[in-house]
Amino acid sequence: MKRITFRLLPLLGLLVGLCGPATAQDLTIRKTTEPITVDGKMDESVWNSAEVATNFHQFFPTDTVMSPLKTEVRVLYDAENLYILARMWSVGPRDEYVTPSFRRDYRGRAFDGFSAVLDTYQDRTNAFSFGINPFGVRREGLVSNGGELSLTWDNKWFGTSTIEEDHWVAEMAIPFKTIRYKENLDTWFVNFYRVDSELGEISTWSPVPLNLSPNNLAFNREVQFVEPLNDPGSNISVIPYAAFGTAKDFVAETPSTSDFDVGGDAKIALSSAMNFDLTINPDFSQVEVDQQVTNLDRFEIFFPERRQFFLENADLFSSFGSSRTTPFFSRRIGVARDTATGTNVQNPIYLGARLSGKINNDWRVGLLSVQTARDNRIQLPSTNFTVASLQRKVWERSNISAIFVNKQAVQDSIGGDFTLDPSAWNRTLGADFNYASADGYWTGKAYYHRTWDQDQRDSTFSLGLNLELDAYRWGVRTGVRSVGANFNPEAGFVRRRDFQQHFNTIEYNFYPQRGPIQSHGPGFDYDIVGNQQFGVTDWDVNLLYRIAFRNTANFRLRLRRQFTYLFREFDASGTGGLALPEGSSHWYNFIIASYESDQRKSFFYELSTRSGEYYNGTRINLEGSFTYRFQPYGFVSLDFAYNRIRLPEPYNDGDLYLIGPRVDITFSKNIFWTTFVQYNNQINNMNINTRFQWRYAPVSDLFVVYTDNYFTDINNRFVDFGAPKSRSLVLKVTYWLNV
């Protein structure tokens, strides 16, 4: 097989679009001394004197007209809070709005809601998002990298809504202590957007092209406060917890164990833009179970971070490299690998500290250090994880970032010795250039990372270069990556090593003026992977077609021709049978398709397939979910995945089932109950997870979580309820206290 060489393609247009849309001061935010009660009513006289943001532009289904729906937003502030009052009219009298449930952090573009995006740093890169729907259900999130919204962040603020005959009213009070901003600044960049389920419309105060995201910070307008914002004063939050758990391991036939833990976090605002987080004996156990997947891949599966300690300013640590090759992945902390069983186990943490935020308008810094406990059962020493990152803004929306990651084993003896172990360490050093054009259409990245450890090996690098264009008619993504054979960031995530890759995608969009289709268009892409030892090891070529409907439904189709060279043996059946031999080559054709129905309906569904030829056999795949929403109290759903794999003798056939019914009931905005069952015959397991949550005070919760695991049989597909694997019950209480 011929060897290949990959050249870094010249990425023309990197500097295109540096001149973006001009911004003027579009709203003056007045200061009030009149007390404001957050009740969803415009009954304080001071609201009548506030300037009004109106004339919203349609974002979806088209961005060429004004919204036919009237929306008015008023903003005021005092020494402690930012107040936002929004009134959103319908076409006429209306008695039905759409919400997934009463659960906080609702998401999706098919549900009614109002959101405010606050770029308090004026860097058009990072922002805070606060949203509320007609039922008074709130959500908050962080926007990073110029427009990527994450709703995992949680903090204290207040909001409520009222529904009138032909409109609804949302009122918010956002404490200045909750957000970070540049002190003495008198202007922010802000946008508001509204989702209306009746018309299936998304509208924005500042126009945003429909090919981008309404959270894209390139288009926020400038608003001015009548006086500069001062430091909000002492801002210390203490979040203690207490947790009791009991568990039984039936496989090991050991006695039941019980644990009682106390600990907590502290959030200390060193300035209006810099935060210090401290955690002591944290409980990093998951109160929300990860959704299982059927793994028919040759590489590790990525699960996102959910733990609160790592979330604020998370992009300072986690956005380096690419999603499949990153030098730091926080879920490596607090989780260890038991080499004897091949399973992950929780690794207790002594303490952790994190400093993150803005030094000034051009510089951001992140420092993190966490000390994990030793675990004699799996011969795991106490380990320190230290991460330092520094980011410098360049041009209007781009930045240059550097990261250093140090994983260091510590000799932690019973006698009290606590010294560094010079024979067990791993370090990573890297730099990234993140490009975002002023007009929001162009984004790109270039990075180089390198690792070191006690083995002093070579080929320990990772590098990449990519550029993306999201224009009205055209979408283009192109790039190259290369990862050395010994690149080994032990505190990071590396899906694959020893390869070079070139990828390219091009898509075109049509926008019909009438009819049920909002946009559609063809596309073409390819992906080539190889290395110097084996030459080309993987490639695929795809013909694409996409259809977006005005009712928010979507259809995607991909016809693929794929080649795979197995540089190590691989069981394609997913059943633990005879593996395809190392060095074998496979060419195969298959179809990839997905459809998402209108999620505004009470019953909606998602279906997808990857079916056709598969290595030296065939595969029929069907997966998706069915959901029925009994508004506003919750939903019942069924997630499923079925893979029918047929391979020639002597290889195994496979019938892999993953079935996950879920019941999510929200009795109110403060009391929730969820039961999630996951039957997975590939890993011989059925998991039952039921969780009760009572939010008895703002950002303060009582959790009761029961988990049960049973054996399944991969051939007969039954669950042996008489042979449980493990069982646990956890009671956890957290409280958010502002000092």
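Rules used throughout
Residues numbered from 1 in each chain as written. Predicted model: local features only at pLDDT ≥ 70, side-chain atom pairs only at ≥ 80, totals over all residues. Heavy atoms only, no water. Helix = DSSP H or I, 4+ residues; strand = E, 2+ residues; numbered from the N terminus. Rg over C-alpha atoms; globule rule 2.2 N^0.38 Å. Buried < 20%, exposed > 50% of the residue type's maximum accessible area, 1.4 Å probe, protein only. Contact = heavy atoms within 4.5 Å. Areas by Shrake-Rupley, 256 points an atom, 1.4 Å probe, with all protein chains shown as cover. Lys, Arg positive; Asp, Glu negative; His and termini not counted. Charge placed at Lys NZ, Arg CZ, Asp CG, Glu CD. Core = buried A, V, L, I, M, F, W, Y, C linked by side-chain atoms within 4.5 Å. Pairing = 2+ DSSP bridges. Phe/Tyr/Trp six-rings, centres within 6.5 Å; stacked < 30°, edge-to-face > 60°. Polar contact = N/O pair within 3.5 Å; in protein donor to acceptor, adjacent residues only side chain to side chain. Salt bridge = Lys/Arg side-chain N within 4 Å of Asp/Glu carboxyl O. pLDDT = per-residue confidence, 0-100.

Counting its secondary structure elements, the chain contains one helix and 43 strands. Expected size for 739 residues packed as a compact globule is a radius of gyration near 27 Å; at 27 Å, the chain falls within 12% of this value. Over its C-alpha atoms, taken along the principal directions, the chain stretches across nearly 80 × 65 × 50 Å. Out of the 739 residues belonging to the chain, those deemed buried represent 53%. Of the contacts formed within the chain by residues at least 6 apart in sequence, a portion of 60% connects residues at least 24 apart. Total accessible area on the chain stands at roughly 32,300 Å², and carbon and sulfur atoms take up 56% of it. Between the centroid of the 74 positive side chains of the chain and the centroid of its 83 negative side chains there is a distance of 4 Å.

For the rest of this paragraph, the subject is the nonpolar core. If you look at the biggest cluster of nonpolar residues, it comprises 38 residues, and the most contacted ones within it are Val73, Leu82, Ile84, Phe114, Phe130, Trp188 and Phe192. Where this core is concerned, the elements lending two or more residues are strand 1 (25–31), strand 4 (71–77), strand 5 (81–89), strand 6 (113–119), strand 7 (127–132), strand 11 (167–175), strand 12 (187–196) and strand 14 (221–225).

Next up on the list: the environment of isoleucine 547. Within the secondary structure layout, isoleucine 547 lies in strand 32 (residues 535–549). Measuring from C-alpha to C-alpha, the distance between isoleucine 547 and isoleucine 517 comes to 7.0 Å, with 30 residues separating the pair along the chain. The residues touching isoleucine 547, leaving out its near neighbours within four places in the chain, are Ile517, Ser519, His520, Ala553, Asn554 and Phe555.

Turning our attention to the pairing of strand 22 (residues 363–372). Along strand 22, seven of the 10 residues are buried, which leaves the element largely enclosed by surrounding structure. Two elements, strand 21 (residues 349–358) and strand 22, share nine bridges in a ladder whose sense is antiparallel. When the sheet's bridge partners are listed, leucine 355 is paired in strand 22 with leucine 367. Counted along the chain from strand 21 to the antiparallel partner strand 22, the turn is four residues long. As paired strands, strand 22 and strand 23 (residues 382–394) are joined by 10 bridges and run antiparallel to one another. The partner of valine 370 across the bridge, within strand 23, is phenylalanine 385.

Let's shift gears to the packing of aromatic side chains. Scanning the entire structure with this criterion turns up 40 aromatic pairs. Their ring planes at 45° and their centres at 6.5 Å tell us that tyrosine 121 and phenylalanine 128 sit as a pair that is tilted. The pair tyrosine 121 / phenylalanine 128 is uniform in exposure class, with both members buried. Ring centres 6.3 Å apart and planes at 10° place the aromatic pair tyrosine 696 and tyrosine 735 in the stacked group. Taken together, the residues tyrosine 696 in strand 40 (residues 685–697) and tyrosine 735 in the loop between strand 42 (719–734) and strand 43 (737–738) connect sequence positions 39 residues apart. An aromatic cluster is present here, built from Tyr77, Phe176, Tyr181, Trp188 and Phe225 joined pairwise through their rings.

Quick look at the environment of glutamate 507 now. The topology assignment puts glutamate 507 in strand 30 (residues 499–508). Exposure remark for glutamate 507: the relative accessible area of 23% places this residue in the partly exposed category. Through-space distance from the C-alpha of glutamate 507 to that of tyrosine 545 is 8.6 Å; in sequence the pair is 38 residues apart. Excluding anything up to four places from it in sequence, glutamate 507 contacts Arg473, Trp474, Gly475, Pro522, Gly523, Leu544 and Arg546.

Before going further, it helps to spend a moment on the environment of arginine 364. Checked against the element boundaries, arginine 364 lands in strand 22. Once the C-alpha coordinates of arginine 364 and leucine 316 are considered, the two residues, 48 residues apart in sequence, prove to be 8.0 Å apart. In contact with arginine 364, not counting residues within four places along its chain, are Asn126, Asn313, Asp315, Leu316, Gly357, Lys358, Ile359, Ser389, Leu390 and Gln391. At 3.1 Å, the side chain of arginine 364 forms a polar contact with the side chain of asparagine 313.

What follows concerns the pattern of salt bridges. Pairs can form between side chains of opposite charge whenever their charged atoms are close. Applying the stated criterion across every chain yields a total of 32 salt bridges. Salt-bridge contacts for arginine 74 lead to glutamate 72; the nearest nitrogen and oxygen are separated by 3.2 Å. A relative accessible area of 9% means that arginine 74 is categorised as buried. A salt bridge links aspartate 112 to arginine 94; its shortest N-O distance comes to 3.2 Å. With aspartate 112 in the loop between strand 5 and strand 6 and arginine 94 in the loop between strand 5 and strand 6, this pair connects stretches of sequence that are 18 residues apart.

Considering every residue of the chain, the mean pLDDT works out to 89; 91% of them sit at 70 or more. In the model, residues 1–24 has pLDDT below 50 throughout and makes 58 contacts with residues more than four positions away in sequence or in other chains.

Moving on, we get to the side chain of threonine 460. Tracing the sequence through the fold places threonine 460 in the loop between strand 26 (442–453) and strand 27 (461–470). At 3.0 Å, the side chain of threonine 460 and the backbone oxygen of threonine 451 are in polar contact. Once you skip the residues sitting within four places of it in the chain, threonine 460 turns out to touch His449, Arg450, Thr451, Asn486 and Phe487.

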